[in-house]
Amino acid sequence: MIEIKDLHKSYKMGSNSLHVLKGINFSVEEGELVAIMGSSGSGKSTLLNILGMLDVLDEGSYTLDGVPIKDLNETKAAQYRNKFLGFVFQSFNLINYKSAMENVALPLYYQKVGRKERQEKALKYLEQVGLREWADHLPSELSGGQKQRVAIARAMAAEPKVLLADEPTGALDSTTSYEVMDLIQKINDAGNTILIVTHEPDIADMCKRIVHLKDGVIVEDKKITQVRASQYV
Amino acid sequence: MFNKDRWKEILEVLTGNWFRTILTAFGVFWGILILIVLLAAGKGLENGIRSNFGDIATNTMFMWTQGTSMAYKGLPKGRRFTFKLGDVDAIRQKVPDLRFVSPRNQLGGFNGTNNVVRGIKTGAFNVYGDYPDIINQDPMSITSGRFINQLDIDGKRKVAVIGEGVRASLYDVGEEAIGTYIKIQGVNFMVVGTYRKNSNDGNAEEIQKEIFIPFTSFSQAFNQADKVGWMAITANDDSSITQLKEQIFTVVRENQKIHPQDLRAVGHFDLFEEFNRVLGLFKAMRWIAYFVGVLVLLSGVIGVSNIMLIVVKERTKEIGIRRALGENPWSIKLQIIMESIFLTIISGMAGISFGAFVIYLINYFLASNGPIEMFINPSVGLGVVLLALIILMVSGLLAGFIPAQSAIKIKPIEALRME
């Protein structure tokens, strides 16, 4: 599904150049649930941004579902993001003047899906995350966990190839975190490919594979036995 | 462009901060209001002045004699001369494109002595000897009877058309004037018609106190022979009297043995030139109104642009999210521009409507408090309103353009990092 070869990325900070990713080789099969771990500054968010086409790579190659991702202009990148990727952010990033349902329907709107169908699909995904009856509420009327579940529903709505989650539990307490992880595991069980950036070991343990980043290189890449989140809920 | 969701979004954004939206809209509202009111005031003034000219044929000049200022062909300078009927014929024959050439004679004058008598009533009136054409050059409405006709001229009939003012001073209220006789400088004339002239100039009273009699009768009754006091000459609609007048002077100079370079011998007043000068003034006023109005509007538009920049700044994160979710940058740009155009047009329409209301009020007060001199029916045409709308549309587009550009200039990744 994801194929990365010899990926380099550096940021220019004034006259200094900060070499963040120093040759990453990395691939993800369909249906995997991968945790990317590392201390702050290890380059894990940069990697996720490149995977999410929010940032461009300097060197190396990136193939997503057989499509080489390179030389994208903004319009093309937006199209690919819409078609291939779903994002879940640490700070939820819901649009605060739109209701839960409208938020979920947004990616479908960009796909030019008709209004009725959009609403039906949005309700279906809200149902999946257990927030059907909150469909008309604004994000400000939802709790943190609920917001993140709406965000997950939104990420799933466009039926992306890969779900990218950047610290999805970073702003939540542990009980809510486990609820969210439970949801993510269920989505993964349904066959979706998911990448999670996290620095919390217990969250990482709930994935099927952990990739450790340190100073811009992968130091460890191991498959693990998944800890089901449902037992904590 | 016309999809429901986009409009919903525009409304959501604009109604999200009512106070700010209204303050911003006020700038545009005010600009267009001033533009409309200025144009309407200019139009009102123009209407006022135009009606001062009344329905007088404006393509007209008046010509009279003054003393010669140069000696010529043995004749001394300072010689007095009068126009003759021969001059009138010569002008008619030699100068084409003239519609009316009316020779006129006149008795009495402003503050003259009493010259008209009827029974025991007397009055001082202007008495004109005229041809029937004069009614086309100096229009009046015949309130009873008829005006002078060619048969009166040919038969040198002693008939008179009197103004309503004359009737009021010589007749009792309700007394029939037609068929009665009045004595003008001792000569009896039968009244065949009465007239009223329209004017909202200061002389409205004065011009009702005139008496018109046939030119030929005038000449005979008051011993004028073939003398012509002065002339009113009107050119055809497709030519200008201002261009033709030199030809006319040349004919007169030849006929009267006046030195060709003697510019002072023939006096004239060119109504057309005067009229055009006034029209030119209104053109200038219109430009000033547009200039001032558009400048005021411009400051409103800059306000819109400013607010849109702030809106974009505020929504940077949201725009980042939307781009991460896969919204096309063009769609974001279009969204911002449409918000700007929508805001501009709505506030502009409010300005136009309110301007129309102000104009209505002015008209209402003008109507209820009686006319004010030189100011009639201020209004703006549909064309002006359409033009204003086009100006609004373009300025909305311009106002939205820079903010829209700045909205998609930020990379989504940077936008997302913003807190």
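Residues numbered from 1 in each chain as written. Chains lettered and ligands numbered in written order. Predicted model: local features only at pLDDT ≥ 70, side-chain atom pairs only at ≥ 80, totals over all residues. Heavy atoms only, no water.

In terms of helices and strands, chain A carries seven helices and 10 strands. The globule rule puts the C-alpha radius of gyration for 233 residues at 17 Å, and the 17 Å found for chain A is close to it. Judged by the C-alpha coordinates and their principal axes, chain A covers about 50 × 40 × 35 Å. For chain A, with 233 residues in total, the buried portion stands at 53%. Across chain A, every contact between residues at least 6 apart in sequence was considered, and the portion connecting residues at least 24 apart equals 70%. Carbon and sulfur atoms provide 46% of the accessible area of chain A, an area that totals close to 10200 Å². (Helix = DSSP H or I, 4+ residues; strand = E, 2+ residues; numbered from the N terminus. Rg over C-alpha atoms; globule rule 2.2 N^0.38 Å. Buried < 20%, exposed > 50% of the residue type's maximum accessible area, 1.4 Å probe, protein only. Contact = heavy atoms within 4.5 Å. Areas by Shrake-Rupley, 256 points an atom, 1.4 Å probe, with all protein chains shown as cover.)

The subject of this paragraph is the nonpolar core. Residues and elements named next belong to chain A. Counting 44 residues, the largest nonpolar core has Val104, Leu126, Val150, Ile152, Met181, Ile184 and Ile196 as its most contacted members. Sorting the residues of this core by element identifies β3 (33-37), α3 (100-110), α4 (115-128), α5 (144-157), β7 (162-166), α6 (174-189), β8 (193-197) and α7 (201-204) as the ones contributing at least two each. At seven residues, the largest contribution of residues to this core is made by α5. Apart from residues no more than four positions distant in its own chain, Ile196 is found in contact with Leu33, Val34, Ala35, Ile36, Ala165, Pro168, Met181, Ile184 and Cys207. If you look at the next biggest cluster of nonpolar residues, it comprises 40 residues, including Met1, Leu7, Phe87 and Leu195. (Core = buried A, V, L, I, M, F, W, Y, C linked by side-chain atoms within 4.5 Å.)

To continue, consider the pairing of strand β6 (residues 126-130) of chain B. All names here are of chain B. Most of β6 sits out of view: five of its five residues are buried. Residues Asn126, Tyr128 and Asp130 line one face of β6 and the alternating positions Val127 and Gly129 line the opposite face, and both faces are buried. Of the strand pairs in this sheet, strand β3 (residues 98-107) and β6 are connected by three bridges, and their pairing is antiparallel. If you follow Leu107 over to β6, its bridge partner there is Val127. Where β6 lies against strand β11 (residues 210-214), five bridges are found, and the strand directions are parallel. By the bridge assignment, Gly129 is partnered in β11 with Ile213. (Pairing = 2+ DSSP bridges.)

Turning our eyes to something else, we now look at the interface of chain A and chain B. Listed as interface residues are 24 residues of chain A and, on the opposing side, 26 residues of chain B. Where Lys8 of chain B meets Glu102 of chain A, a salt bridge forms, and the shortest distance between an N and an O atom there is 2.1 Å. On the surface where chain A and chain B come into contact, there are 11 residue pairs in polar contact (both at pLDDT 80 or more). Taken together, the residues that form the side of chain A that touches chain B break down as 12 nonpolar, five polar and seven charged. (Salt bridge = Lys/Arg side-chain N within 4 Å of Asp/Glu carboxyl O. Polar contact = N/O pair within 3.5 Å; in protein donor to acceptor, adjacent residues only side chain to side chain. Nonpolar A, V, L, I, M, F, W, Y, C, P; charged D, E, K, R; others polar.)

Another aspect to go through is the packing of aromatic side chains. Residues and elements named next belong to chain B. Applying the stated rule across the entire model yields 19 aromatic pairs over all chains. Centre to centre, the rings of Phe218 and Phe222 are 5.0 Å apart; their planes meet at 65°, and the pair counts as edge-to-face. Of the two residues examined, Phe218 and Phe222, each falls in the buried class. With a centroid separation of 6.2 Å and an interplanar angle of 40°, the aromatic rings of Phe354 and Phe357 are classed as tilted. (Phe/Tyr/Trp six-rings, centres within 6.5 Å; stacked < 30°, edge-to-face > 60°.)

Now for the UniProt feature "domain: ABC transporter" (unreviewed entry) in chain A. What UniProt calls "domain: ABC transporter" (unreviewed entry) maps, in this numbering, to residues 2-233 of chain A. Secondary structure across residues 2-233 of chain A comprises 34% helix and 28% strand; the distance between its end C-alpha atoms is 32 Å. (UniProt positions renumbered as here; feature names shortened; annotations may be inferred.)

What follows deals with a nonpolar patch on the surface. All names here are of chain B. A cluster of nonpolar side chains, contributed by Leu38, Ile288, Phe291, Val292, Leu295, Leu298 and Ile302, occupies part of the molecular surface with about 640 Å² of accessible area. For Ile302, the location among the structural elements is in helix α9 (residues 271-314). Ile302 gets classed as partly exposed once you look at its relative accessible area, which sits at 49%. (Patch = residues over 30% accessible without salt bridge, like charges linked within 9 Å, V, L, I, M, F, W, Y side chains within 5 Å.)

What follows concerns the UniProt feature "transmembrane region" (unreviewed entry) in chain B. As recorded in UniProt, the sites labelled "transmembrane region" (unreviewed entry) are residues 21-42, 287-312, 341-362 and 382-402 of chain B. A helix fraction of 100% and a strand fraction of 0% characterise residues 287-312 of chain B, whose end C-alpha atoms lie 36 Å from each other.

A separate point is unusual backbone geometry. Of note, the phi angle at Glu167 of chain A is positive, near 45°, even though the residue is not glycine. Following the sequence through the fold, Glu167 of chain A ends up in the loop between β7 and α6. The buried category is assigned to Glu167 of chain A, whose relative accessible area is 8%. Even without glycine at this site, Lys73 of chain B takes up a positive phi of about 50°. The topology assignment puts Lys73 of chain B in the loop between β1 (60-65) and β2 (83-84).

Right, let's talk about the domain arrangement of chain B for a bit. When the domains of chain B are assigned, the result is domain 1 (4-54 + 276-417) and domain 2 (60-265). Placing a centre on the C-alpha atoms of domain 1 of chain B and another on those of domain 2 of chain B gives a separation of 55 Å. (Domains from an automatic or database assignment.)

Moving on, we get to α9 of chain B. Think of an α-helix as 3.6 residues a turn; residues three or four steps apart then line up on the same face. Given a rise of 1.5 Å per residue, 44 residues ought to cover 64 Å, and the 64 Å separating the end C-alpha atoms of α9 of chain B matches this to within 8%. Capping of α9 of chain B at its N-terminal end is provided by Asp270 of chain B; its side-chain oxygen lies 3.0 Å from the backbone amide nitrogen of Phe272 of chain B. (Expected span 1.5 Å × (residues − 1).)

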